[in-house]
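Examination of the molecular architecture
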Amino acid sequence: MNFNDLTKYTKEDKEKRKLIDDILCVNHSFKISSMKLMSKGVEYSDIAFDSVQVTKYCPKCGREYPEDENFCFECLIALKEIKSVDVRDIKIKPVFDITKTNNYDSFEDIFSGENLEKITKFDFKVRDLKEIINSIKLTAFRRLDGAIKENDINLKYLSVLDKVTLFSKAFVELEYKSYGEELGYYEFGKIYVDDRQSDALQITTILHELTHFLIKEITSHILCHILDCSKTTQIESLSVFILSYSALNRLMDEYAAHTVEGRFTLFGYQDYSSYLSIEKTIDLEPDEIEMLKTIGNSFANYIKEILESFIDRDMLEDIKEQFRRDVMDSPDYRNLSFENCTLLNNRGMVQALKMIIVDGFAISMDNIDTLMEYDSQW
Ligand SMILES: [Zn+2]
Ligand SMILES: [Zn+2]
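Once a new chain begins, its residue numbering starts again from 1 and follows that chain's sequence as written. Note on labels: chains are lettered from A, ligands numbered from 1, in written order. Local features in a predicted model are, by the rule used here, given only for residues with pLDDT of at least 70; side-chain atom pairs are given and counted only at 80 or more, and totals for whole chains, interfaces and linings are based on all residues. Excluded from the side-chain calculation are hydrogens and water; included are all heavy atoms of the structure.

1. Looking at the sheet that holds strand β8 (residues 184-187)
- Only strands joined by at least two bridges in the DSSP assignment are considered to pair. Going along the chain from the N terminus, every DSSP run of H or I of four or more residues is numbered as a helix, and every run of E of two or more is numbered as a strand. The strand order β7-β9-β8 describes an open sheet built from 3 strands, whose pairing is mixed. Each end of this open sheet is capped by a strand with a single partner; those strands are β7 (173-177) and β8. Adjacent strand axes in the sheet meet at a mean angle of 20°, parallel and antiparallel pairs treated alike.
- The sheet contact formed by β8 and strand β9 (residues 190-194) spans 4 bridges and is antiparallel. From the neighbouring strand, E187 faces β9, where its bridge partner is K190. Interaxial angles span 0 to 180 degrees and are taken between N-to-C directions of axes, which are lines fitted to C-alpha atoms, for helices over the stretch in contact.

2. Some thoughts on the coordination of the zinc ion (ligand 2)
- Donor atoms (N, O, S) are those found within 2.8 Å of the metal centre, with the cutoff raised to 3.2 Å for Na, K and Ca; water is not part of the atom list, so apparent gaps in a site can occur. Only H208 (NE2), H212 (NE2), E254 (OE) and E254 (OE) from the protein reach the zinc ion (ligand 2) as donors, at distances of 2.1 to 2.7 Å.
- For the zinc ion (ligand 2), the 4 donor atoms in the first shell make angles of 53 to 139° at the metal, so the coordination geometry reads as irregular.
- We note that the donor set of the zinc ion (ligand 2) lies within a single chain, spaced as H-x3-H-x41-E. Taken as a pair, H208 and H212 lie in helix α7 (residues 199-227) at a separation of 4 residues, close to a single helical turn. As far as the burial class goes, H208 and H212 line up, both buried. Note on geometry labels: four donors, all angles 85 to 135 degrees, give tetrahedral; four donors become square planar and six octahedral when opposite donors are over 155 degrees apart and every other angle is between 65 and 115; remaining cases are irregular. Classification of residues uses two cut-offs on accessible area relative to the type maximum, computed with a 1.4 Å probe and protein chains only: under 20% is buried, over 50% is exposed, and between them is partly exposed.

3. Examining the coordination of the zinc ion (ligand 1)
- The protein atoms donating to the zinc ion (ligand 1) are C58 (SG), C61 (SG), C72 (SG) and C75 (SG), with metal-donor distances spanning 2.2 to 2.3 Å.
- With 4 donor atoms in place around the zinc ion (ligand 1) and angles of 102 to 112° between them, the coordination shape is tetrahedral.
- Each donor residue of the zinc ion (ligand 1) belongs to the same chain, and together they define the spacing C-x2-C-x10-C-x2-C. The two residues C72 and C75 agree in class, both being buried.

4. Thoughts on the confidence of the model for the chain
- A residue's pLDDT is the confidence the predictor assigns to it, expressed on a 0 to 100 scale. Chain-level statistics for the chain give a pLDDT mean of 87 and a share of 92% at 70 or above.
- Looking over the chain, one finds the lowest element-wise mean pLDDT in helix α2 (residues 28-49), namely 41, and the highest in helix α4 (residues 113-121), namely 97.

5. Let's talk about the side chain of E339
- Among the structural elements, E339 can be located in the loop between α12 (313-326) and β10 (342-344).
- Using a relative accessible area of 5% as the deciding quantity, one classes E339 as buried.
- We define a polar contact as two N or O atoms separated by no more than 3.5 Å, with the added condition that, inside protein, one atom must be a possible hydrogen donor and the other a possible acceptor, whereas residues neighbouring each other in sequence contribute only through side-chain atom pairs. Only 2.7 Å separates the side chain of E339 from the side chain of Y255, close enough to count as a polar contact.
- Here the side chain of E339 touches H258 through a polar contact of 3.3 Å, side chain to side chain.

6. A word on the environment of S168
- Looking at the element boundaries, S168 is found in helix α6 (residues 160-169).
- With 63 residues separating them along the chain, S168 and K231 place their C-alpha atoms 21 Å apart.
- Excluding residues within four positions of it along the chain, S168 makes contact with L174, I206 and L210. Any two residues whose heavy atoms approach within 4.5 Å at even a single point are treated as in contact.

7. Some words on the environment of I206
- Residue placement: I206 occurs in helix α7.
- A residue is classified by how much of its surface remains accessible, and I206, at 0% relative accessible area, is buried.
- The sequence separation of I206 and I356 amounts to 150 residues, and the corresponding C-alpha distance is 25 Å.
- Beyond its immediate stretch of four places on either side in the chain, I206 contacts L161, V164, T165, S168, L174, I191 and V193.

Below, the structure written as C-alpha cells:
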C-alpha cells in the first residue's frame, strides 16, 4: 500500500489553516489574560442576576419563577421544578444497529472468497459515507431526545461538561475511572474518562475518545455496507483490528482524535503525547507521515460534522470559556506548526478508506486468534 498515491487527491483545509494562523499570529499572553478578565466580569454580573431565587421554569417559554408560583401567566400552563440532574447516572444505551439477512456470527463466514472479492472491489462512494454519517447522527439524536424527555432535563441548567457528557452518552457508554495516568481511553464500545481532571480536560478527553469510537463505528458501517450484512460483534472486532493492527492506522486514528479535540477545545492545548508515541515507532519519510495526517484530518472533518450538530457556536464558546477558567498551563504553540491543514477530496477519501480496509481485511484473515480475543470482549 502506498499512501502517497493519494497526493493528487488533496486540497487545502482552509478552515483549519485559518484557525491555526489566527492563533499563531496574535499576541497570546495579552489575549488570554484579557479574556480571563472578561470572564470574571461575566461571572460577577451573573451573580447579580441570580439574586432572585428561582426554582421553577415554564416548559413552554422558558421564563423562570420563584418557588411560590405555580403557573406561567403568559402561557397558562403548569410550571416545572428546576431539578438538579446528575447526568453521570443517566444510561442511554446507544445501539447503532444494522440488520440484514446476512448475519455473520463467525469469522470463517466473514472471510469467504465471495466476501474477499466484495472487499477488494470496494463498491463504495462518498455518498455512502455521507449516508452512514447521517444515520449515526439520526440514531444518536433520537436517543438523546428520548433521554432528555425521559429524565425531564432542561439543557439550560446543565454545565457545559454535563452537556458534553450527556451528548457523548447518546453515542457510546461512558464510564469513570480514578486510577492510572491516562486521561481516558476507548475500548470495545465504552469510553473511560478520569474524573479527577478539571471540567475542561474531561471535555477534551470525552471528545477525543468519542472520536476513536466514531471512527470504529464508521468502519463497521462501511464493512456492513460492502458485505451487505448485519453488524455483529465479529464485524465490530474486525473494525477494531483494522484500525489497530498497524502503527500507520493507529497514527491516522490518533491524529483524527487529536484534531477533533483541538477543534472543539483550543488548538495548542491538546495533548500530543499519544500521537507522538506512535509516530516514534514508525519509520516513514516525512511526506508519508504527512499523508497519514491528511487522512486523519479528513476523518476528523467528518466527525466534526457529527459533533457540530450538537456543539453549536454558543456551546463552543462555553467550552472555550471553561478552558480559560480551568487550564493554568500556557499552551504549547510550537506544536501548532506541525498541524496538518490538508484534506482529501471525495475521491481521495474513498481511496484512503479502500487502502485501509482492503489491506486490513486481508491481514485480519491471518489473525483469527486476535479477532476471537477481541470478540470475547464485547
Ligand atoms: Zn411560559
Ligand atoms: Zn487517542
